[in-house]
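# Per-entry structural report
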Amino acid sequence: MKNPVLYYFDGQGRGEVIRWMLAACGLDFEEVLLTSREQYLKMVADGLFLYQQVPMLEIDDMRLVQCGAILRYLARKGNLYGDDAKEQAMIDMYTDGAQDMFNSSLGIPFQSTENAKDDMWKKVKEKLFGRYFPVFEKALQNCKNSCLVGARQSMADVLLTAALTSFQARQHDILDGYPNLQKWFDEQKKIEWISKFLAPGSKRKPLPDDKYVDTVNTVLNFQLGL
Ligand SMILES: N[C@@H](CCC(=O)N[C@@H](CS)C(=O)NCC(=O)O)C(=O)O
């Protein structure tokens, strides 16, 4: 069977949660990295991207776009989508919340000065502490088997782990004051596939640097869809 192929930039961005979900499904994957405007325009002209946007995932003879659709396909394929419609609704709510909070940080490296980057990170943290972390802290109070929904790992756990990993790379004490989240996160890191994915050499990407920002700006001709 052909490995899935992820089309995206050489950085976290919107592609990172898809990398996490592929790892959660135990699927090895290849990457086609976008590096030039010409390459991107040719791919658009060839009809590779339904809405002219990435990430795009080639999998099972399909070209999937839209992060939500890709994530849910992988969740179904990897049995990470609960056991019934109610569990799926809960998983969707936590997944979308984790994705929203992660996406709120995507613009940070694109700010033009260090001060502006710091200011944006402060604003992101206001949302984390004021809106998202309290929800997850409460949800994890009575969880079973360290799972946000039901008694087995789901896409919601994967997305929350992905988001917290990125936030902790920005600020190591980000979970201070959230004991349930901290305990849960420590437990996630012990899960075999997660500890492997966190180890050096995996297909996880580091926090974006200036080179990543330049590439995205060039490929998308400064019309950022972030
Ligand atoms: N709703 C889409 C948004 C994708 C998106 O905005 N991708 C950006 C790169 S991170 C892009 O391709 N922008 C180019 C454009 O919108 O023309 C998704 O969830 O996948």
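Residues numbered from 1 in each chain as written. Predicted model: local features only at pLDDT ≥ 70, side-chain atom pairs only at ≥ 80, totals over all residues. Heavy atoms only, no water.

Looking now at the overall build of the protein. Helix and strand counts for the protein come out as 9 helices and 4 strands. Along the protein, from the amino end to the carboxyl end, the secondary structure elements read β-α-β-α-β-β-α-α-α-α-α-α-α. Every one of the 226 residues in the protein was classed for burial, and the buried ones make up 46%. Of the contacts formed within the protein by residues at least 6 apart in sequence, a portion of 68% connects residues at least 24 apart. Positive and negative charge centroids in the protein, built from 28 and 30 side chains respectively, lie 2 Å apart. (Helix = DSSP H or I, 4+ residues; strand = E, 2+ residues; numbered from the N terminus. Buried < 20%, exposed > 50% of the residue type's maximum accessible area, 1.4 Å probe, protein only. Contact = heavy atoms within 4.5 Å. Lys, Arg positive; Asp, Glu negative; His and termini not counted. Charge placed at Lys NZ, Arg CZ, Asp CG, Glu CD.)

What follows concerns the pairing of strand 3 (residues 56–59). In strand 3, alternate side chains face the same way, and those of Met56 and Glu58 on one face and Leu57 and Ile59 on the other are all buried. As defined by bridge partners, strand 1 (residues 5–8) adjoins strand 3 across 3 bridges and the pair is classed as antiparallel. By the bridge assignment, valine 5 is partnered in strand 3 with glutamate 58. Between strand 3 and strand 4 (residues 62–65), which follow one another and run antiparallel, lie 2 residues, and aspartate 60 among them has a positive phi close to 50°. (Pairing = 2+ DSSP bridges.)

Feature annotation in UniProt places "domain: GST N-terminal" (unreviewed entry) on residues 2–82, given in this structure's numbering. Each end of residues 2–82 is marked by a C-alpha atom, and these two atoms are 27 Å apart; helix forms 36% of the span and strand 20%. (UniProt positions renumbered as here; feature names shortened; annotations may be inferred.)

Before going further, it helps to examine the domain arrangement of the protein. Domain annotation for the protein reports domain 1 (5–78 + 200–219) and domain 2 (85–191). The partner domain 2 presents 17 residues to the 20 residues of domain 1 that form the contact. In total, about 1,600 Å² of surface goes out of reach between domain 1 and domain 2, with carbon and sulfur atoms giving 76% of it. Sorting the residues of domain 1 by area buried against domain 2 places Val17, Trp20 and Leu207 first, and these three jointly supply 33% of that buried surface. The tally of links from domain 1 across to domain 2 stands at 1 salt bridge. The partner of lysine 117 in a salt bridge is aspartate 210, with the nearest N and O atoms 3.7 Å apart. Linking domain 1 with domain 2 are 1 residue pair in polar contact (both at pLDDT 80 or more). Here the side of domain 1 that touches domain 2 is built from residues that sort into 12 nonpolar, 3 polar and 5 charged. (Domains from an automatic or database assignment. Buried area = accessible area lost by both parts, 1.4 Å probe. Salt bridge = Lys/Arg side-chain N within 4 Å of Asp/Glu carboxyl O. Polar contact = N/O pair within 3.5 Å; in protein donor to acceptor, adjacent residues only side chain to side chain. Nonpolar A, V, L, I, M, F, W, Y, C, P; charged D, E, K, R; others polar.)

A few words now on the nonpolar core. Counting 74 residues, the largest nonpolar core has Leu74, Met101, Phe133, Leu164 and Leu181 as its most contacted members. Tallying contributions element by element places helix 6 (residues 155–170) first for this core, with 9 residues. Residues from two domains meet in this core; each of domain 1 (5–78 + 200–219) and domain 2 (85–191) gives at least three. Once residues within four sequence positions are removed from consideration, leucine 164 is found in contact with Met101, Phe133, Leu175, Leu181, Trp184 and Phe185. (Core = buried A, V, L, I, M, F, W, Y, C linked by side-chain atoms within 4.5 Å.)

The UniProt record annotates "domain: GST C-terminal" (unreviewed entry) at residues 84–207. Taken end to end, residues 84–207 is 65% helix and 0% strand, and its first and last C-alpha atoms sit 36 Å apart.

Let's shift gears to the sheet that holds strand 3. Spatial ordering of the open sheet is given by 2-1-3-4, a layout of 4 strands whose pairing is mixed. Each of the sheet's edge strands pairs with one partner strand only, and the pair in question is strand 2 (30–33) and strand 4. Neighbour-to-neighbour, the strand axes of this sheet turn through a mean angle of 20°, independent of strand direction. Of the strands in this sheet, strand 3 and strand 4 are in contact with helix 3 (residues 67–77), which crosses strand 4 at around 125°. (Axes fitted to C-alpha atoms, helices over the stretch in contact; angles between N-to-C directions.)

Attention shifts here to the packing of helix 6 against helix 7 (residues 179–190). Contact geometry of helix 6 with helix 7 gives a least axis separation of 11 Å together with a crossing angle of 100°. Our classification of the angle between helix 6 and helix 7 gives roughly perpendicular. Along its contact with helix 6, which presents Asp157, Leu160, Thr161, Leu164, Thr165 and Gln168, the element helix 7 presents Leu181, Gln182, Trp184, Phe185, Gln188 and Lys189. (Parallel < 35°, antiparallel > 145°, perpendicular 65-115°, else oblique.)

This next bit is on the pairing of strand 4. Alignment of strand 3 against strand 4, held across 4 bridges, turns out to be antiparallel. Residue pairing for strand 4: isoleucine 59 is matched across the bridge by methionine 62.

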